[in-house]
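If you want the building blocks of each chain, they are given just below.
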Amino acid sequence: SAVVRGLEWFAAASASATEGAHGLTLLSANSHAYVGWGITNPAMYRLIFEQRLPTPAEGAELQRRRSGLERQRQMLAGVLSARPTGAVEVDPGVAADTVFVALHGIVSLAISGRLLGPMATVDQQLERARVLVDALLRQWAVSWEVES
């Protein structure tokens, strides 16, 4: 299906952008790749991330749709394990959901014209997204007590 091909395309772009990265560098590369891909591929992004899941979504279809979130959880588990002893407990699943919600919000607002207005160019959207992602990364590093 088009959704499966889109997810594969999205995953390949993310893998390419994050190759060899670790820790917060991996989170940064992944976050920037996510918003960059979404803003430059708005129709496919909407098809993948803004269409209601078929009911029931189960088996291989559900696994394909959840695989990106599971990779995000695994990545964040690695980031969070590199924190100092005594740091506040942060659940990797909650952290992954927080990252997804924030990045999805940036992309959705940008491609709908609600972030910078309907006349904003893709380059303007990408620049604003970069600034927002960098601000989020700084805040996550502080709240999760991770060295940046």
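An account of the accompanying structure is given in this report. (Residues numbered from 1 in each chain as written. Predicted model: local features only at pLDDT ≥ 70, side-chain atom pairs only at ≥ 80, totals over all residues. Heavy atoms only, no water.)

What follows covers the packing of aromatic side chains. Tallying each qualifying case throughout the model produces ten aromatic pairs. Taking the centre distance of 5.1 Å and the plane angle of 85 degrees together, the rings of Trp9 and Trp37 count as edge-to-face. Of the two residues, Trp9 sits in helix α1 (residues 2–18) while Trp37 sits in helix α2 (residues 23–40), which places them 28 residues apart along the sequence. Judged by its relative accessible area of 42%, Trp9 is partly exposed. The class of Trp37 is buried, set by a relative accessible area of 6%. Ring geometry for Phe10 versus Tyr34: centroids 5.3 Å apart, planes at 85 degrees, classification edge-to-face. (Phe/Tyr/Trp six-rings, centres within 6.5 Å; stacked < 30°, edge-to-face > 60°. Helix = DSSP H or I, 4+ residues; strand = E, 2+ residues; numbered from the N terminus. Buried < 20%, exposed > 50% of the residue type's maximum accessible area, 1.4 Å probe, protein only.)

Before going further, it helps to spend a moment on α2. Three- or four-residue spacings in an α-helix give side chains the same orientation, since the helix completes a turn every 3.6 residues. With 18 residues, α2 extends 26 Å from end C-alpha to end C-alpha; this agrees with the ideal 26 Å at 1.5 Å per step. Where burial is concerned, most of α2 is hidden: 13 out of the 18 residues are buried. (Expected span 1.5 Å × (residues − 1).)

A separate point is the packing of α2 against helix α5 (residues 92–112). Axes are the key here: two packed helices are described by the angle between their axes and the distance separating the axes. Taken N-terminus to C-terminus, the directions of α2 and α5 make an angle of 30 degrees; their axes are 9 Å apart at the nearest point. The orientation of α2 with respect to α5, classified from their angle, is roughly parallel. As for the relative orientation of α2 and α5, their crossing is right-handed in sense. Listed contacts from α5 to Leu27, Ser31, Tyr34, Val35, Gly38 and Ile39 of α2 are Val99, Phe100, Leu103, His104, Ile106, Val107, Ala110 and Ile111. For the contact of α2 with α5, the residue count by class is eleven nonpolar, three polar and no charged. (Axes fitted to C-alpha atoms, helices over the stretch in contact; angles between N-to-C directions. Parallel < 35°, antiparallel > 145°, perpendicular 65-115°, else oblique. Left-handed = near helix turned anticlockwise from the far one by under 90°. Contact = heavy atoms within 4.5 Å. Nonpolar A, V, L, I, M, F, W, Y, C, P; charged D, E, K, R; others polar.)

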